[in-house]
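The primary structure of each chain is shown beneath.
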Amino acid sequence: MVLVGCGGNAASSAPDEGQPRTIAVSGAFALFPMMTVWAEAYSAAHPEVRFDVQGGGAGKGMTDVLAGAVDIAMVSREIKPEETAQGAFGVPVTIDAVVPTANAGNPHLAELLAKGLTPDAAAAVWMSRATTTWGQLLGTDAAESITVYTRSDASGAGEVWAKYMGGAAQEDLQGTAVNGDPGLAEAVRQDALGIGYNNIGFAYNLETGAQLDGLVVIPLDLNGDGTISADERFYDTKDAIAAAIAARTYPFPPARELFLVTKGAPDAAIADFYRWILTEGQALVADAGYVNLNAEQIEAALGQLEGAGN
């Protein structure tokens with residue numbers, strides 16, 4: 001049985017080996033859909049193990065796990081040295097990416113999709129605020145102001161989006177702050193002049209694979225020539241962008257590994273779950289809209305778990 005939610009946390013039970021176990025999880029919206037798939041599949045094969053999976057953002061997940069409020073944090077960024085010093089033990093489990101987004105009814109959408117965004121152009125919108133109108137961004141005479149959206153909760157998405165633009169942390173981003181991945185997507189969907197960013201799981205419809213209704217993914221101008229060429233167009237479906245991420249055509253950042261984190265090395269039940277994710281569980285990744293770890297990454301992650309739970 002899997003319980004899911006967008007906020008809050010639940011204390012876990014830790015009974016003797018072989019007895020029923022509930023594993024409490026909280027954290028990154030980026031990893032939330034994938035984690036629910038894994039939790040359901042694992043519980044089906046191991047009915048003695050249940051999961052309580054809550055969203056809330058990467059920062060919340062890390063705070064919860066280090067405080068002992070949950071067993072596992074979902075974290076969508078690198079583990080920080082100060083977190084490691086407090087006992088954070090992170091294992092990479094899949095790969096995701098952040099994409100910039102605009103409203104599907106944006107009056108300048110054709111120009112935006114033809115031009116795309118470079119790191120410098122994005123930084124002028126989200127960081128320095130040197131670019132405040134659509135005309136400044138697109139090189140036209142359009143006078144409408146850009147409504148810039150960012151995350152209000154501590155998020156891995158905000159951090160990696162800032163790093164793509166040459167920043168260091170989510171705090172480098174400016175704009176109207178909205179809570180959570182779903183909230184940010186909805187804010188842009190409701191604002192014809194809005195611009196934002198989302199994890200791909202919240203920019204695409206995971207059932208159809210198409211971009212989310214009302215939302216358009218803005219392409220990245222990878223070679224900086226001011227035009228999105230054919231080899232830079234891989235955004236129409238989640239499968240297309242997933243393939244670009246796997247091939248490293250889409251840049252890292254804003255693509256990145258996603259982690260599950262415990263305080264200290266995982267206990268036996270969690271270590272077994274991790275090993276399943278890194279082996280059998282990888283078969284579920286593509287259908288959930290994520291990107292598999294490669295063989296070297298899996299081997300390294302399994303190596304981290306040697307002796308865990310003993």
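Residues numbered from 1 in each chain as written. Predicted model: local features only at pLDDT ≥ 70, side-chain atom pairs only at ≥ 80, totals over all residues. Heavy atoms only, no water.

### Concerning the side chain of Asp96
Quick note on the threshold: Only DSSP runs of H or I with at least four residues qualify as helices, and only runs of E with at least two residues qualify as strands; both kinds are numbered from the N terminus onward. Per-residue accessibility, obtained with a 1.4 Å probe over protein chains only, is compared with the maximum for each type, and a residue is labelled buried under 20%, exposed over 50%, and partly exposed between these values. Contacts: residue pairs with any heavy atoms within 4.5 Å of one another.
Turning to its location among the elements, Asp96 is positioned in strand β5 (residues 88–103). Among the residues examined, Asp96 registers a relative accessible area of 1% and is labelled buried. Apart from the residues lying within four places of it in its own chain, the contact partners of Asp96 are Ala30, Asn199, Ile200, Ala255, Arg256, Leu258 and Tyr290.

### A word on unusual backbone geometry
That bond from Phe252 to Pro253 is cis: its omega, -20 degrees, falls within 30 degrees of zero. Relative to the elements of secondary structure, Pro253 occurs in the loop between α10 (238–246) and β10 (255–263). The step from Pro253 to Pro254 runs through a cis peptide bond, and the omega angle for that step is 20 degrees. With respect to the element layout, Pro254 can be found in the loop between α10 and β10. Its identity is not glycine, yet Arg129 carries a phi of approximately 60 degrees, on the positive side. Its place among the elements puts Arg129 in the loop between α5 (119–126) and α6 (134–138). We note that Arg248 has phi near 65 degrees; this positive angle belongs to a residue other than glycine. Relative to the helices and strands, Arg248 is located in the loop between α10 and β10.

### What about the packing of helix α1 (residues 32–45) against helix α11 (residues 268–278)?
Convention followed: Every axis corresponds to a line fitted to the C-alpha atoms, with the helix fit spanning only the stretch in contact, and the corresponding angles, defined between N-to-C directions, vary from 0 to 180 degrees. An angle counts as roughly parallel when it lies under 35 degrees, as roughly antiparallel when it exceeds 145, as roughly perpendicular when it falls between 65 and 115, and as oblique in every other case. For this classification, Asp, Glu, Lys and Arg are treated as charged, while Ala, Val, Leu, Ile, Met, Phe, Trp, Tyr, Cys and Pro are nonpolar and the rest, including Gly, are polar.
Where α1 contacts α11, the axes come no closer than 11 Å and their chain directions differ by 110 degrees. The orientation of α1 with respect to α11, classified from their angle, is roughly perpendicular. Facing Met35, Trp38, Ala41 and Tyr42 of α1, the residues of α11 in contact are Ala269, Asp272, Phe273, Trp276 and Ile277. Of the residues contributing to the contact of α1 with α11, the split by class is eight nonpolar, no polar and one charged.

### Observations concerning the environment of Met35
With respect to the element layout, Met35 can be found in helix α1. With relative accessibility at 0%, the residue Met35 sits in the buried group. Remark: the alpha-carbon pair of Met35 and Gly196, spanning 161 residues in sequence, is separated by 24 Å. Sequence-distant contacts of Met35, that is, excluding residues within four places in its chain, are made with Val25, Val53, Met74, Leu260 and Phe273.

### Concerning the environment of Asp213
Following the sequence through the fold, Asp213 ends up in the loop between α9 (200–203) and β9 (215–217). Taking relative accessible area as the criterion, Asp213 reaches 61% and is therefore assigned exposed. Residues Asp213 and Glu40, spaced 173 residues apart in sequence, show a C-alpha to C-alpha distance of 27 Å.

### With respect to the pairing of strand β2 (residues 21–27)
As a reminder of what qualifies: Following DSSP output, two strands are said to pair if at least two bridges run between them. Call a crossover right-handed when, viewed with both strands pointing away from you, the route from the first strand across the helix to the second goes clockwise.
With six of seven residues buried, β2 is to be regarded as a mostly interior element. Here β2 runs beside strand β3 (residues 49–54); their pairing, made up of six bridges, is parallel. Among the inter-strand pairings, Ile23 is bridged to a residue of β3, identified as Phe51. This β-α-β element, β2 to α1 to β3, shows right-handed connectivity. Two elements, β2 and strand β4 (residues 72–75), share three bridges in a ladder whose sense is parallel. What sits directly across from Val25, in β4, is Ile72.

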